[in-house]
Amino acid sequence: MLARKSIIPEEYVLARIAAENLRKPRIRDRPRKARFIAKNGACNLAHKNIREQGRFLQDIFTTLVDLKWRHTLVIFTMSFLCSWLLFAMMWWLVAFAHGDMDPSTESATNSTKWTPCVTCVRSFTSAFLFSIEVQVTIGFGGRMMTEECPLAITVLILQNIVGLIINAVMLGCIFMKTAQAHRRAETLIFSRQAVIAVRNGKLCFMFRVGDLRKSMIISASVRIQVVRKTTTPEGEVIPIHQVDIPVDNPIESNNIFLVAPLIICHIIDKRSPLYDISAADLALQDLELIVILEGVVETTGITTQARTSYVAEEILWGHRFVPIVTEEEGVYAVDYSKFGNTVKVAAPRCSARELDEKPSILIQTLQKSELSHQNSLRKRNSMRRSNSIRRSNSMRRTNSSLIVPKVQFITPEGSQSASET
C-alpha cells in the first residue's frame with residue numbers, strides 16, 4: 001500500500017521481500033520412495049526393453065490368462081469368427097469346384113443323376129451358415145453333406161478338430177481367469193499399520209491378518225522379507241536386497257490356523273535387520289517390510305497368495321493392537337471395525353541391541369509407566385471426589401433454598417401467633 005502511494009520506493013520493497021524470503025529456511029519434503037509391493041499386494045515393477053517378445057507366445061495359454069478381460073473377450077470372439085469364415089471359404093471352394101454353384105445344376109438336382117457335395121449351398125452366405133452349423137453342431141437340417149465328395153468329408157473332420165481345440169483353449173482360459181488365485185486373496189486383509197512393542201520382555205514387530213470368508217485357508221503360512229538398498233564391501237550397490245526374517249510361531253511347521261484374525265509377531269533379535277534401529281532412527285530408515293501369506297483354498301484346492309508391505313512411516317513405535325475377538329452367548333464374535341485400531345503402551349525408545357546390553361532400560365520404562373498410571377488413577381480419584389463434594393454441596397444448597405421460613409402474624413389483641421406456610 002505504501003509503495004503504491006510512492007511513500008516508499010517500490011524497488012526497496014521488492015528488495016526487502018526478497019531478503020526476507022532468503023532468510024526463511026526452506027523445508028523440503030523428502031522425496032517419497034517408491035514401494036516395491038503396494039498395499040493391495042500388486043508388484044510395483046515395470047518391465048522395459050524386452051527384446052525377446054517371442055517367449056510370451058511359447059506359453060500362449062498363460063499369456064491369454066494374464067491379458068485383461070477386454071483383450072480376452074476380443075480374442076475369444078475373433079477366434080470363433082475367423083474359424084467360421086475360414087471354413088466357410090473352404091466349403092465355398094469345395095462347392096464351386098464340384099459345380100454346385102452353376103445355375104444349370106439346379107434343375108438336375110431333382111433328378112437322381114446329380115448329387116451336390118453339400119445341399120442348398122449356392123453362395124458364400126449359405127457356405128458361412130453351413131460352417132457355423134458344422135462347428136457348433138446346430139444342424140438345422142436345411143443344409144447337409146452328401147457322400148459325393150471325399151474332400152468335403154476331409155474338411156468336415158478338420159473343422160470338427162479345430163473347433164474342439166478352440167473350445168478347449170478359450171473356455172479353459174475363461175475359466176482360469178474367473179478362478180484365479182488372487183481373487184481369493186481379496187478377502188485376506190492385513191492391518192493398515194504395523195506396530196513395535198514389548199512382548200515377553202522382547203521388542204517385537206507385529207501386524208494383524210484376517211480372513212473375511214468362512215471357508216478357510218488350509219496350511220496357511222506367513223513369511224516376512226525386508227527389502228532395502230544395500231552396498232557390499234566391494235562397492236556393489238544392490239537396489240533390491242531381500243532378507244528373510246523369522247516369524248515367532250510356536251508350531252514347528254510354521255502353519256497358522258486362520259479361523260480368526262491373528263497378530264503375527266517377529267522378535268527383534270540379533271538375526272533381525274531391525275536389531276540396531278531405534279524409535280528415532282526408524283523414520284530415517286529406507287526399508288520396506290514385505291508380508292506374504294500363502295495357503296490352499298479349501299473350496300477349490302488352488303494355492304493362493306496375499307501380499308502387503310509396510311514402510312517406515314507405517315510402523316508405530318510403542319503401540320499395541322486392541323483385542324477384537326469376544327465371546328458372546330457361547331459364540332466367538334469378531335469386530336472388524338476395530339481391526340486396525342491400536343493403543344499406546346509403554347515401550348523403550350532404544351534399539352533392541354541397547355535393550356539387550358542394558359536390561360535395566362526396560363525395567364525403568366515399565367516403572368515409569370506404572371508410576372504414570374498410578375498418578376493418573378490418583379488424579380481421576382481426586383477429580384471424582386471433588387466432583388462428588390461439589391455435587392453434595394450443590395444438593396445442600398438446593399435443599400436449604402427449598403426450606404420455607406417462619407412467618408409471624410400479629411392479631412389485633414396484640415398476641416402473636418406463629419404459623420408455617
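Described in the following lines is the structure provided in the data block.

Calculation rules
Residues numbered from 1 in each chain as written. Predicted model: local features only at pLDDT ≥ 70, side-chain atom pairs only at ≥ 80, totals over all residues. Heavy atoms only, no water. Helix = DSSP H or I, 4+ residues; strand = E, 2+ residues; numbered from the N terminus. Buried < 20%, exposed > 50% of the residue type's maximum accessible area, 1.4 Å probe, protein only. Contact = heavy atoms within 4.5 Å. Areas by Shrake-Rupley, 256 points an atom, 1.4 Å probe, with all protein chains shown as cover. Patch = residues over 30% accessible without salt bridge, like charges linked within 9 Å, V, L, I, M, F, W, Y side chains within 5 Å. Salt bridge = Lys/Arg side-chain N within 4 Å of Asp/Glu carboxyl O. Expected span 1.5 Å × (residues − 1). Core = buried A, V, L, I, M, F, W, Y, C linked by side-chain atoms within 4.5 Å. Axes fitted to C-alpha atoms, helices over the stretch in contact; angles between N-to-C directions. Parallel < 35°, antiparallel > 145°, perpendicular 65-115°, else oblique. Left-handed = near helix turned anticlockwise from the far one by under 90°. Nonpolar A, V, L, I, M, F, W, Y, C, P; charged D, E, K, R; others polar. Pairing = 2+ DSSP bridges. Disulfide = S-S within 2.5 Å.

A look at the overall build of the chain
Phase 1: Each helix and strand counted, the chain has 11 helices and 16 strands in total.
Phase 2: A total of 421 residues make up the chain; the buried ones form 29% of that total.
Phase 3: Of the contacts made within the chain by residues no fewer than 6 positions apart, 63% connect residues no fewer than 24 positions apart.
Phase 4: On the chain, roughly 28,800 Å² of surface is accessible, and the fraction owed to carbon and sulfur atoms is 58%.

With respect to a nonpolar patch on the surface
Phase 1: A contiguous nonpolar patch, built from L57, I60, F61, I153, I157, I161, I165, V169, F175 and M176 and spanning about 900 Å² of accessible area, is present on the exposed surface.
Phase 2: Positionally, I161 belongs in helix 7 (residues 150-178).
Phase 3: Of the residues examined, I161 reaches a relative accessible area of 45% and is grouped as partly exposed.

Things to note about the environment of I132
Phase 1: If you trace the backbone, I132 turns up in helix 6 (residues 124-136).
Phase 2: With 51 residues separating them in the primary sequence, I132 and L81 have C-alpha atoms 9.2 Å apart.
Phase 3: Ignoring anything within four residues of it in the chain, the contact list for I132 reads W84, T137 and I138.

Considering helix 7
Phase 1: For helix 7, with 29 residues, the first-to-last C-alpha span of 42 Å sits near the 42 Å given by 1.5 Å per residue.
Phase 2: When we look at burial in helix 7, the residues that qualify are A152, V155, Q159, G163, I166, M170, G172, C173 and K177.

As for the nonpolar core
Phase 1: Counting 40 residues, the largest nonpolar core has F205, F207, L289 and L293 as the members making the most contacts within it.
Phase 2: Those residues in contact with L293 that sit more than four places away from it in its chain are L188, F190, V209, A220, S221, V222, I256, L258, T304, Q305 and A306.
Phase 3: If you look at the next biggest cluster of nonpolar residues, it comprises 14 residues, including C117, V121, C149 and V155.

Regarding helix 4 (residues 69-98)
For the α-helix, the turn length of 3.6 residues means that residues three or four positions removed from each other point alike.
Phase 1: Over its 30 residues, helix 4 extends 44 Å from the first C-alpha to the last, a length consistent with the 44 Å expected when each residue adds 1.5 Å.
Phase 2: Within helix 4, the full set of buried residues consists of T72, S79, F80, S83, W84, F87, A88, W91, V94 and A95.
Phase 3: The secondary structure elements touched by the buried residues of helix 4 are helix 3 (60-66), helix 6 and helix 7.

Topic: unusual backbone geometry
Peptide bonds are, in most cases, trans, and in most cases residues other than glycine have a negative phi.
Phase 1: Of note in the backbone geometry, S219 takes a positive phi value of approximately 55 degrees without being a glycine.
Phase 2: Note that S219 resides in strand 4 (residues 217-231).
Phase 3: Located in the positive-phi region is E329, a residue other than glycine, with phi close to 55 degrees.
Phase 4: Checked against the element boundaries, E329 lands in the loop between strand 12 (325-328) and strand 13 (331-334).

Things to note about the packing of helix 4 against helix 6
Axis angle and axis distance: for two packed helices, these are the angle between their axes and the distance between the axes, and together they describe the pair.
Phase 1: Relative orientation of the contacting elements helix 4 and helix 6 amounts to 120 degrees, with a least axis distance of 8 Å. Overall, the two elements helix 4 and helix 6 adopt an arrangement that is oblique. The interaxial crossing formed by helix 4 with helix 6 has right-handed handedness. Residue-level inspection shows F80, L81, S83, W84, L85, F87, A88, M89, W91 and W92 of helix 4 in contact with helix 6, the latter providing F124, A127, F128, F130, S131, I132, Q135 and V136.
Phase 2: Here the residues of the contact of helix 4 with helix 6 sort into 15 nonpolar, three polar and no charged.

Comments concerning the pairing of strand 4
Phase 1: Direction of pairing for strand 4 relative to strand 8 (residues 287-297): antiparallel, over a ladder of 10 bridges. Residue pairing for strand 8: V226 is matched across the bridge by L289.
Phase 2: Two strands pair when backbone bridges link them, and strand 4 and strand 6 (residues 255-256) are joined in this way by two bridges, in the antiparallel orientation. Of the residues in strand 6, the one forming a bridge with S221 is N255.
Phase 3: Both strand 4 and strand 5 (residues 237-245) contribute to a ladder of seven bridges, which runs antiparallel.

Notes on the pairing of strand 9 (residues 303-311)
Phase 1: In the sheet, strand 8 pairs with strand 9 via nine bridges, with the strands oriented antiparallel. Bridge pairing links L293 to A306 in strand 9.
Phase 2: What sits between strand 8 and strand 9 in their antiparallel hairpin is a turn of five residues, with G301 showing a positive phi close to 75 degrees.

Comments concerning the state of the cysteines
Phase 1: Evaluated as defined, the whole model comprises one disulfide.
Phase 2: Residue C117 pairs covalently with C149 via a disulfide, S to S 1.6 Å. Between C117 and C149, the S-S torsion sits near -50 degrees, and that sign places the bridge as left-handed. With a gap of 32 residues between them, C117 in the loop between helix 5 (105-109) and helix 6 and C149 in the loop between helix 6 and helix 7 connect regions that are remote in the sequence.
Phase 3: Its relative accessible area of 1% is what places C117 among the buried residues.
Phase 4: With no disulfide of its own, C204 has C265 as its nearest cysteine by sulfur position, at a separation of 3.5 Å.
Phase 5: A residue is classified by how much of its surface remains accessible, and C204, at 1% relative accessible area, is buried.

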